[in-house]
Amino acid sequence: MVLALHVLNHSEVARKSEGILELGAGAGVTGLLVAKACGRPAGVVMTDGEHHVLELTRRNIEANFNEDGRPSCEYLRWGENVGEFKDKFGTFDLVMATDVLYCPEALEPFFTTVKELMSSKPSAQLLVSHTNRSYVPHYKVRKAGSKCGFKCTDIPLQSIPGCAEMSRATAADPRHPLLQRMQVFRFTLKRIIKSDPSS
Ligand SMILES: C[S@@+](CC[C@H](N)C(=O)[O-])C[C@H]1O[C@@H](n2cnc3c(N)ncnc32)[C@H](O)[C@@H]1O
């Protein structure tokens, strides 16, 4: 929801993106909201690495979009058959993942999968919303991304309209610990600046 709010507040990002990919979509709230906002829902591919979860994703897509223009729903387990997936769907300008990084072992396959499937445009980006956990703290997510060649920028919740209010309202409320530990990260590919041999 937090990540979707960020994208909805920058709807030009979704509208200009050729291809939007969601990893670990689960029930699909993020992908569904972004698909509604981007103007081309058929350009959104929502994925998950569990077939039983995808059944729910698919039902939610069908409940919210007509057959003639709806996101697709595909099996994708990070690090597995990513080349085949790329052959079928190509690359994506916007990759999104909400609350999917809770296993330390999943960090490397997650980022290598994104690296393979994200387009090479300078504007291409990965947005991740992550809850700080003792076994996958924020710094480990940044570090794993950097190791795979990504530059990370933090997007504070306070800067996301809608979240700022939620965050303030729950600041002293122990019933909302997840929101207090949440962070949105934007990852873009590090660019290698080559020296000019003629200079
Ligand atoms: C906590 S749920 C979050 C679902 C949804 N993004 C949300 O925010 O409601 C995490 C999802 O990530 C998927 N997932 C976890 N590890 C995965 C992996 N290695 N490959 C693909 N999907 C994975 C799970 O199947 C699950 O649906």
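Since this is a predicted model, take the numbers as computed values, not measurements.

**Concerning the overall build of the chain**
(1) Moving on: Within the chain one finds 9 helices and 7 strands.
(2) Moving on: Since a compact globule built from 199 residues should have a radius of gyration of about 16 Å, the 17 Å found for the chain is in line with a globular shape.
(3) Moving on: Dimensions of the chain along its principal axes, counting C-alpha atoms only, are 60 × 45 × 35 Å.
(4) Moving on: By residue count, 36% of the 199 residues in the chain fall in the buried class.
(5) Moving on: Sequence separation of at least 24 residues holds for 75% of the intrachain contacts in the chain that already meet a minimum separation of 6.

**A few points about unusual backbone geometry**
(1) Moving on: Phi angles above zero are rare outside glycine, and Asn-81 is one such case at about 50 degrees.
(2) Moving on: The residue Asn-81 is located in the loop between strand 3 (72–75) and helix 5 (82–89) in this model.
(3) Moving on: Phi at Asp-99 takes a positive value of approximately 55 degrees, unusual for a residue other than glycine.
(4) Moving on: Along the chain, Asp-99 turns up in the loop between strand 4 (94–98) and helix 6 (107–117).
(5) Moving on: Of the residues examined, Asp-99 has 17 C-beta atoms within 10 Å and is grouped as partly exposed.

**Let's talk about the packing of helix 1 (residues 2–9) against helix 3 (residues 29–38)**
(1) Moving on: Close contact between helix 1 and helix 3 brings their axes to 9 Å; oriented N to C, the two are set at 10 degrees. Compared by their axis directions, helix 1 and helix 3 come out roughly parallel. Where helix 1 approaches helix 3, its residues Leu-3, Ala-4, Val-7 and Leu-8 are matched on the opposing element by Val-29, Thr-30, Leu-33, Val-34 and Ala-37.
(2) Moving on: Partitioning the contact of helix 1 with helix 3 into residue classes produces 8 nonpolar, 1 polar and no charged.

**Examining the pairing of strand 5 (residues 125–131)**
On a regular strand, one side chain projects to one face of the sheet and the next to the other, so that they alternate.
(1) Moving on: Counting buried positions along strand 5 yields 6 of 7 residues, so the element is predominantly enclosed.
(2) Moving on: The sheet contact formed by strand 4 and strand 5 spans 5 bridges and is parallel. Looking at the pairing, Thr-98 lines up with Ser-129 of strand 5.
(3) Moving on: Each parallel crossover has a hand, and for strand 4 linked through helix 6 to strand 5 it is right-handed.

**Structural notes on the site of the ligand**
(1) Moving on: Neighbouring the ligand are 16 residues; Gly-24, Gly-26, Gly-49, Glu-50 and Thr-98 lie closest to it.
(2) Moving on: Counted by class, the shell around the ligand contains 7 nonpolar, 5 polar and 4 charged residues.

**Here's the deal with helix 7 (residues 138–147)**
(1) Moving on: All of the buried residues along helix 7 are Val-141, Arg-142, Ala-144 and Gly-145. Burial along helix 7 is one-sided: seen end-on, the buried residues are contained in an arc of 165 degrees. Across helix 7 from its buried face, at more than 90 degrees, point the exposed residues Tyr-139 and Lys-147.
(2) Moving on: On its buried face, helix 7 sits against helix 6, strand 5, strand 6 (150–155) and strand 7 (182–189).
(3) Moving on: A positive backbone phi angle near 100 degrees is found at Gly-149, which sits one or two residues after helix 7.

Each value, and the rule that gives it
- Residues numbered from 1 in each chain as written.
- Predicted model: local features only at pLDDT ≥ 70, side-chain atom pairs only at ≥ 80, totals over all residues.
- Helix = DSSP H or I, 4+ residues; strand = E, 2+ residues; numbered from the N terminus.
- Rg over C-alpha atoms; globule rule 2.2 N^0.38 Å.
- Buried ≥ 20, exposed ≤ 12 C-beta atoms within 10 Å, placed from the backbone.
- Contact = placed C-beta atoms within 7 Å.
- Axes fitted to C-alpha atoms, helices over the stretch in contact; angles between N-to-C directions.
- Parallel < 35°, antiparallel > 145°, perpendicular 65-115°, else oblique.
- Nonpolar A, V, L, I, M, F, W, Y, C, P; charged D, E, K, R; others polar.
- Pairing = 2+ DSSP bridges.
- Right-handed = clockwise from strand over helix to strand, strands pointing away.
- Near = placed C-beta within 6 Å.
- Arc of directions from axis to C-beta.

Function cannot be read off these values alone, since they describe shape.
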